[in-house]
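Chain by chain, the residues:
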Amino acid sequence: NSTGCSANATICNGTSCLLPEDNFNETLSIILSTVLTIMLALVMFSMGCNVELKKFLGHIKRPWGIFVGFLCQFGIMPLTGFLLALIFNVLPIQAVVVMIMGCCPGGTASNVIAYWVDGDMDLSISMTTCSTLFAMGMMPLCLFIYTKMWTDSDAIVLPYNSIGLSLVALVVPVSFGMYVNHRWPSKAKVILKIGSIVGAILIVVIAVVGGILYRGSWNISPKLWLIGTIFPAAGYSLGFLLARVAGLSWHRCRTVSLETGMQNSQLCSTIVQLSFTPEQLELMFTFPLVYSIFQLLFALIILGAYRVYRKHRGKTKTDIEKTEGKEDSKSTSSHAKINGGFVSNETK
């Protein structure tokens, strides 16, 4: 304790400490989790107010955009995490947490940012929903493939109940929002504007709250800090590149990029806490929070760059219409009619 660690630290190695949850932290965590969950549900309800059922079903029936997102989410991200762990030569237990983050489905924060960058909200919601659903099978498969050189994949506990709850927490409020948009379009627009602002504030609040609750676990390896910086940036960049190569329009490329780089860090934290001992947690416990901070930072940079671009270039409607024209020329008119999900919100 003379080295600077708190007297009640459960693990103390020099100046690196892992503090147990005291009553204050536990109570604060429960209260904040309840409040944030309710707020998140309201935000997703407002996001659903910008989704039209016909267009949403269009993406499900003609799932090219969803398929590209699937390749990014469960192809690019796990492979990128694996390569970063090898390049930085981190400890096996640290490599495993990097892989867990890379295998997680997309987070709901991407839907809020996608709205602010004029992305395809129908595609964004469908991608988040499908990636969370696919995670039931793809997470264990990816972890089995990539982590067997570092640990026994059976040692990693996947909280299927948490994944299921995430899916329900996404689908139910979005469904109500879609219904409101169908019945009362004018009211839906007002709800959407309010919800988008609340959602942006909520994302920042979650990051700040995480920093306060886990203030005793910030001393982790510098290598993990570097990986936590590079990983989300690589996800955004590679997701955008693959979407563009796949022929998606610009606003869908932005959507796929955000869905790829923004991971469900809360799910990663849950898996880590369920799977490892306190001694192991001390080495990598804060990595999910580090990742979430930098994924938010880069998302804000993307948002700022896009807003500057729009200010100097004007509305991007012309660019989208040109790209849409190229896509539509490759398909029949009946295809375009069925595939209503590929109509941009920006052209309304």
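Attention here is on the structure that accompanies the text.

Analysis parameters
Residues numbered from 1 in each chain as written. Predicted model: local features only at pLDDT ≥ 70, side-chain atom pairs only at ≥ 80, totals over all residues. Heavy atoms only, no water. Salt bridge = Lys/Arg side-chain N within 4 Å of Asp/Glu carboxyl O. Helix = DSSP H or I, 4+ residues; strand = E, 2+ residues; numbered from the N terminus. Buried < 20%, exposed > 50% of the residue type's maximum accessible area, 1.4 Å probe, protein only. Patch = residues over 30% accessible without salt bridge, like charges linked within 9 Å, V, L, I, M, F, W, Y side chains within 5 Å. Areas by Shrake-Rupley, 256 points an atom, 1.4 Å probe, with all protein chains shown as cover. Polar contact = N/O pair within 3.5 Å; in protein donor to acceptor, adjacent residues only side chain to side chain. Axes fitted to C-alpha atoms, helices over the stretch in contact; angles between N-to-C directions. Parallel < 35°, antiparallel > 145°, perpendicular 65-115°, else oblique. Left-handed = near helix turned anticlockwise from the far one by under 90°. Contact = heavy atoms within 4.5 Å. Core = buried A, V, L, I, M, F, W, Y, C linked by side-chain atoms within 4.5 Å.

1. Comments concerning the pattern of salt bridges
If the charged atoms of two oppositely charged side chains come close together, the side chains can form a pair. Inspection of every chain in the model, using the stated rule, returns two salt bridges. With a closest N to O distance of 2.4 Å, Arg310 and Asp118 form a salt bridge. With a gap of 192 residues between them, Arg310 in helix α13 (residues 287-313) and Asp118 in the loop between α5 (109-116) and α6 (121-147) connect regions that are remote in the sequence. For Arg310, a relative accessible area of 24% translates into the label partly exposed. For Asp118, a relative accessible area of 16% translates into the label buried. Across the pair Asp120 and Arg252 runs a salt bridge, and its minimum N-O distance is 3.1 Å. Within this pair, whereas Asp120 is found in the loop between α5 and α6, its partner Arg252 is found in helix α10 (residues 250-261), the two being separated by 132 residues in sequence. A relative accessible area of 0% means that Asp120 is categorised as buried. The buried category is assigned to Arg252, whose relative accessible area is 0%.

2. Focus on a nonpolar patch on the surface
A surface patch of nonpolar side chains, amounting to about 480 Å² of accessible area, comprises Leu79, Leu83, Leu86, Ile87 and Met149. For Leu79, the location among the structural elements is in helix α3 (residues 64-87).

3. Some details on the side chain of Ser249
Mapped onto the fold, Ser249 is located in the loop between α9 (222-245) and α10. Of the polar contacts made by the side chain of Ser249, one reaches the side chain of His251; its length is 2.9 Å.

4. Digging into the packing of α3 against helix α4 (residues 92-103)
Contact geometry for α3 and α4: axes closest at 8 Å, N-to-C directions at 165°. Between α3 and α4, the angle falls in the class roughly antiparallel. Note that α3 runs across α4; the crossing there is right-handed. For the pair α3 and α4, contact is made by Gln73, Phe74, Met77, Pro78, Gly81, Phe82 and Ala85 and by Ala95, Val98, Met99, Gly102 and Cys103, respectively.

5. Section: the nonpolar core
If you look at the biggest cluster of nonpolar residues, it comprises 43 residues, and the most contacted ones within it are Ile100, Met139, Ile227, Val272 and Phe276. A total of nine residues in this core trace back to one element, the largest contributor, which is α4. In contact with Met139, other than residues within four places in its own chain, are Ile100, Cys103, Cys104, Pro105, Leu158, Ile163, Leu267 and Ile271. With 26 residues, the next largest nonpolar core counts Ile113, Ala114, Leu192 and Ala299 among its residues.

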